[in-house]
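Take a look at the letters that make up each chain.
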Amino acid sequence: MNGLKLLILVPALCCITLPAVAEDYISFGGGASFWNQTHNSDELEGGSEPGYLVNLTLGREYENAYRAEVELSFRQNNVHGINDPDNGKKSTGDGNILQGTALFINVAYDFRAGKSIRPYIMAGPGVIYLKVSDDDDPVTPLDDSSTTYAFQVGFGARFNVTENIRGDIGVGQMITATTDLEDLHTQYDTTTVTAAVVMNF
């Protein structure tokens, strides 16, 4: 319930506090997704090899250097290990994949607004649909899905290509609330490195 209130409150505050003078944009990007294995309670583990991320973002850029965004993203990583809570054994999860389709509401701040190169920071809450499934003849096939809350932060830089087109290089960190997939406690924690094309309209 608190997460739902946050999803409603953040965009509402943006609409109230940000000025009316604005410019809209759309961006499409992609890059590498690294599944961080830092949670001792996780029973579904990621591998060390990177997965991938693609995203589509609609945003509005304000004169005071703030940006408000709605971001749709998809990411995928390979499953590496399965910690069975019933017998305390660890087995291979190779051959399974974990996918996440997410919708985020972001707020970003551009440093050096109006300049040709603009570093930025961003953050935003969201919801994510997680699905684990077999992909390549696994020893232990998995097949389950769940929807939960997520939060992401990031930083990067945008740079002018033409008058209406910009490039975007960024690093992001996303973490989900703990959820169960095949009765395995899972927290999808990823670091992403992405590049995007941004078009103003």
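Here's what I pulled together on the structure shown here. (Residues numbered from 1 in each chain as written. Predicted model: local features only at pLDDT ≥ 70, side-chain atom pairs only at ≥ 80, totals over all residues. Heavy atoms only, no water.)

This next bit is on the pairing of strand E3 (residues 51-62). Where strand E1 (residues 22-35) meets E3, twelve bridges bridge the pair, whose relative direction is antiparallel. Opposite Tyr25, over in E3, you have Gly59 as the bridge partner. Pairing between E3 and strand E4 (residues 66-83): ten bridges, direction antiparallel. Bridging across to E4, Leu58 finds its partner in Val70. If you look at the hairpin formed by E3 and E4, you'll find three residues sitting between the two strands, and Ala65 has a positive phi there, around 85 degrees. (Pairing = 2+ DSSP bridges. Helix = DSSP H or I, 4+ residues; strand = E, 2+ residues; numbered from the N terminus.)

On to a nonpolar patch on the surface, then. On the surface, a cluster of nonpolar side chains totalling about 760 Å² of accessible area is made up of Phe28, Tyr52, Val54, Leu56, Val70, Leu72, Leu103, Val127 and Tyr149. Among the secondary structure elements, those contributing two or more residues to the nonpolar patch are E3 and E4. Here the nonpolar patch gets three residues from one element, more than from any other, and that element is E3. The residue Leu56 is located in strand E3 in this model. Overall, the relative accessible area of 40% leaves Leu56 in the partly exposed class. (Patch = residues over 30% accessible without salt bridge, like charges linked within 9 Å, V, L, I, M, F, W, Y side chains within 5 Å. Areas by Shrake-Rupley, 256 points an atom, 1.4 Å probe, with all protein chains shown as cover. Salt bridge = Lys/Arg side-chain N within 4 Å of Asp/Glu carboxyl O. Buried < 20%, exposed > 50% of the residue type's maximum accessible area, 1.4 Å probe, protein only.)

With that settled, consider the side chain of Asp168. The topology assignment puts Asp168 in strand E9 (residues 165-176). At 2.8 Å, the side chain of Asp168 forms a polar contact with the side chain of Tyr120. At a separation of 2.7 Å, a polar atom in the side chain of Asp168 contacts the side chain of Arg158. Setting aside residues up to four positions removed in sequence, Asp168 forms contacts with Tyr120, Ala157, Arg158, Phe159, Thr194, Ala195, Ala196 and Val198. (Polar contact = N/O pair within 3.5 Å; in protein donor to acceptor, adjacent residues only side chain to side chain. Contact = heavy atoms within 4.5 Å.)

To continue, consider the packing of aromatic side chains. The final tally for this structure, using the stated rule, is four aromatic pairs. Their ring planes at 75 degrees and their centres at 5.4 Å tell us that Trp35 and Tyr188 sit as a pair that is edge-to-face. One end of the pair, Trp35, is in strand E1; the other, Tyr188, is in the loop between strand E11 (184-186) and strand E12 (189-200), and 153 residues separate them in sequence. Residue classification places Tyr188 among the buried positions, given a relative accessible area of 0%. Measuring from ring centre to ring centre gives 5.2 Å for Tyr109 and Phe111, while their planes differ by 80 degrees; the resulting arrangement is edge-to-face. (Phe/Tyr/Trp six-rings, centres within 6.5 Å; stacked < 30°, edge-to-face > 60°.)

Here E4 pairs with strand E6 (residues 96-110) via 13 bridges, running antiparallel. Pairing of Asn78 across the sheet is with Ile97, part of E6. Taken together, the 13 bridges between E6 and strand E7 (residues 117-134) define a ladder with antiparallel strand orientation. Among the inter-strand pairings, Asp110 is bridged to a residue of E7, identified as Tyr120. The hairpin formed by E6 and E7 contains six residues between the paired strands, and Arg112 there has a positive phi angle of roughly 60 degrees.

Let's shift gears to the environment of Thr179. Take Thr179: it is sitting in strand E10 (residues 179-181). A relative accessible area of 11% places Thr179 in the buried class. When sequence neighbours within four positions are dropped, the list of residues in contact with Thr179 reads Leu130, Ser146, Thr148, Leu184, His185 and Thr186. Only 2.7 Å separates the side chain of Thr179 from the side chain of Ser146, close enough to count as a polar contact.

Okay, the nonpolar core next. Counting residues in each nonpolar core, the largest one holds 16 residues, and the members touching the most others are Leu44, Leu98, Ile128, Val132 and Tyr188. Every element with two or more residues in this core is listed here: E4, E6 and E7. Not counting chain neighbours up to four residues away, the residues in contact with Val132 comprise Leu44, Val79, Ile97, Leu98, Leu142, Asp143, Asp144 and Leu181. (Core = buried A, V, L, I, M, F, W, Y, C linked by side-chain atoms within 4.5 Å.)

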